[in-house]
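# Coordinates in review
As a plain string of letters, each chain reads:
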Amino acid sequence: MAPTNSPDAAARAWRNDVILARLIQSLPPASLGAVSSTDRRGWAYAVPRLWSKLEPQHIKSFRLLADTIGKPPLLPIGSHRFYGSLVRVLDLGMLSGRWDKVDYQHMSAILTSCCHLHTLDMSLCLSLRSSEFEGLMAASHEMGQALANLDISETSFSVSSMCNALELLPNLKSLNLTSTQASDEVMETISKHNTSLVHLNTTDCVDVTDVGIRKVVESCRSLSELILIDCPYVEDYDYLARAGISYQWDESIDTMPRNPDNEGSSGEDDDDDDSLGDDNSVEHD
């Protein structure tokens, strides 16, 4: 019988760990909870998975999260000193009553502890004031550096607060500003401080114009997708096409806007050219 510290034993242990890790990845939260209560090994594998992506469904669970996230784990988990360092995704999109009950006190407790947070969905968190939003984005320097995806759609934050907050998030890859007060001033801030941006959604941002979009496109070299639905002052789609940006300008129309200078004097044959495809989002070379 080979000793436990032999190369074969080490290889078997490694294979067992890989198999267990893959199994853990496929388990639903309830099963993960059961695994975490079996022994130290089960805890070490299941708890990080349970905390990686948080989707609180009710205000009570949200507040319990705020009370727990800064505490040290009951059992050690690698180098993690508190639960918040395990969190990568915080999605408030399914939280019942989020528009009037998500408050600064609880959000501050959460974000202060989430030093490795990658994705944050704060859509419809209407009870948060502009100054509070700035404070939340400044809650943790590490979190600000780590955050890659931010959704603040349908919030009421002021232009200055959005600008101040975005300055603290240099590594953003995706930003959703749908139905906010975002303006060309916000676009200018993005062009200076969020140059790694890949995806930008300005749906229903009526104060965004061609001027602001040009600044973003010129500075954000990785930008590949723009959603411009209901942006009445963004009209220079030829510029976006030349820049190679995939853009969506209307959720109900399948064509891209045509250049009036290229249209014939008669509109009788226009119906033949009304559709450029079934996809609202068109990729330009």
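In this report, the structure presented in the accompanying data block is examined. Residue numbers run consecutively from 1 along every chain, following the written order of its sequence. Given that the model is predicted, a residue must reach a pLDDT of at least 70 before its local features are reported, and side-chain atom pairs must reach 80 or more before they are shown or counted; all residues, however, enter totals for whole chains, interfaces and linings. Values shown for side chains rest on all heavy atoms present in the structure; no hydrogens or waters enter the calculation.

### A short note on the packing of aromatic side chains
Here is the rule: rings of Phe, Tyr and Trp (six-membered ring for Trp) pair when centre to centre is within 6.5 Å. Planes less than 30 degrees apart are stacked, more than 60 are edge-to-face, and the remainder are tilted. Overall, the coordinates contain 4 aromatic pairs when judged by the stated rule. Between Tyr 237 and Tyr 247, the aromatic rings sit 5.3 Å apart at their centres with planes inclined by 20 degrees, giving stacked as the arrangement. In this pair, Tyr 237 sits in helix 12 (residues 237–242) while Tyr 247 sits in strand 8 (residues 246–248), placing the two residues 10 residues apart along the sequence. One exposure class covers both Tyr 237 and Tyr 247, and it is buried. Between Tyr 237 and Trp 249 the ring centres are 5.8 Å apart and the planes differ by 55 degrees, which places this aromatic pair in the tilted class. Highlighted residues: Tyr 237 in helix 12 and Trp 249 in the segment after strand 8, separated in sequence by 12 residues. According to the relative accessible area criterion, Trp 249 is buried, its value standing at 18%. These aromatic residues form a ring-pair network of at least three members: Tyr 237, Tyr 247 and Trp 249. By definition, being over a ring means that NZ of Lys or CZ of Arg is both within 6 Å of the ring centre and within 35 degrees of the ring normal. Across from the ring centre of Tyr 239, 4.0 Å away, lies the NZ or CZ of Arg 214, which sits over that ring. Going along the chain from the N terminus, every DSSP run of H or I of four or more residues is numbered as a helix, and every run of E of two or more is numbered as a strand. Think of it in three bands: residues with accessible area under 20% of the maximum for their type are buried, residues over 50% are exposed, and the middle band is partly exposed, with areas taken using a 1.4 Å probe on protein chains only.

### Comments concerning the pattern of salt bridges
Criterion for a salt bridge: a side-chain nitrogen of Lys or Arg within 4 Å of a carboxyl oxygen of Asp or Glu. Counted by the stated rule, this structure contains 5 salt bridges. Among the ionic pairs, Lys 215 bridges to Glu 188, the shortest N-O distance being 3.6 Å. Of this pair, Lys 215 sits in helix 11 (residues 210–219) while Glu 188 sits in helix 10 (residues 184–193), placing them 27 residues apart in sequence. Lys 215 sits in the partly exposed class, given a relative accessible area of 31%. By relative accessible area, which is 28% here, Glu 188 ends up partly exposed. Arg 214 is paired through a salt bridge with Asp 236; the nearest N and O atoms lie 2.8 Å apart. Residue Arg 214 is located in helix 11, and its partner Asp 236 is located in the loop between strand 7 (225–227) and helix 12; the two are separated by 22 residues in the primary sequence. Taking relative accessible area as the criterion, Arg 214 reaches 30% and is therefore assigned partly exposed.

### What to know about helix 4 (residues 59–68)
Side chains that are three or four residues apart share a direction in an α-helix, a result of its 3.6 residues per turn. Along helix 4, the residues that are buried comprise Ile 59, Phe 62, Leu 65 and Ala 66. Buried residues of helix 4, seen end-on, are gathered within an arc of 120 degrees and therefore sit on one face of the element. Seen from the buried face of helix 4, the exposed residues on the opposite side, beyond 90 degrees, are Lys 60 and Leu 64. Directions from the helix axis toward the C-beta atoms define the arc.

### Considerations on the environment of Glu 154
Structurally, Glu 154 is set in the loop between strand 4 (149–151) and helix 9 (159–166). Given a relative accessible area of 39%, Glu 154 falls into the partly exposed group. We call two residues in contact whenever any of their non-hydrogen atoms come within 4.5 Å of each other. Sequence-distant contacts of Glu 154, defined by excluding residues within four places in its chain, comprise Leu 124, Leu 126, Thr 178, Ser 179 and Thr 180.

### Thoughts on the side chain of Ser 123
With respect to the helices and strands, Ser 123 occurs in the loop between strand 3 (119–121) and helix 7 (130–137). Excluding anything up to four places from it in sequence, Ser 123 contacts Gly 93, Arg 98, Asp 151 and Ser 153.

### So, the state of the cysteines
The disulfide definition used here is simple: a pair of cysteine sulfur atoms within 2.5 Å. Per the stated rule, a full pass over the model turns up 0 disulfides. In this structure Cys 231 is not part of a disulfide, and its nearest cysteine sulfur, from Cys 205, lies 5.7 Å away. Since its relative accessible area comes to 5%, Cys 231 is described here as buried.

### Digging into the environment of Glu 134
Among the secondary structure elements, Glu 134 is positioned in helix 7. For Glu 134, a relative accessible area of 24% translates into the label partly exposed. C-alpha of Glu 134 to C-alpha of Ser 161: the two residues are 27 residues apart in sequence and 5.9 Å apart in space. Contacts of Glu 134, omitting those with residues within four sequence positions, involve Ser 161 and Asn 164.

### Section: the packing of helix 9 against helix 10
Every axis corresponds to a line fitted to the C-alpha atoms, with the helix fit spanning only the stretch in contact, and the corresponding angles, defined between N-to-C directions, vary from 0 to 180 degrees. Contact pair helix 9 / helix 10: the axes reach a minimum separation of 9 Å and the direction vectors enclose 5 degrees. Relative to helix 10, helix 9 is oriented roughly parallel. Contacts from Val 159, Met 162, Cys 163 and Leu 166 in helix 9 reach Glu 185, Val 186, Thr 189, Ile 190 and His 193 in helix 10. Note on angle classes: values under 35 degrees are labelled roughly parallel, values over 145 roughly antiparallel, values of 65 to 115 roughly perpendicular, and the remainder oblique.

### A short note on unusual backbone geometry
Within the chain, Leu 124 stands out as a residue other than glycine whose phi angle is a positive 65 degrees. Topologically, Leu 124 is positioned in the loop between strand 3 and helix 7. In this structure, Glu 154 is a non-glycine residue whose phi angle is positive, near 55 degrees.

### A look at the side chain of Ser 153
Summarising the element assignment, Ser 153 is placed in the loop between strand 4 and helix 9. Two N or O atoms count as a polar contact when they lie within 3.5 Å, although within protein this holds only if one can serve as hydrogen donor and the other as acceptor, and sequence-adjacent residues are included solely when both atoms are side-chain atoms. A polar side-chain atom of Ser 153 sits 2.7 Å from a polar atom in the side chain of Asp 151. In contact with Ser 153, not counting residues within four places along its chain, are Ser 123, Leu 124, Asn 176, Thr 178 and Thr 180.

Shape descriptors only; they carry no functional weight alone.
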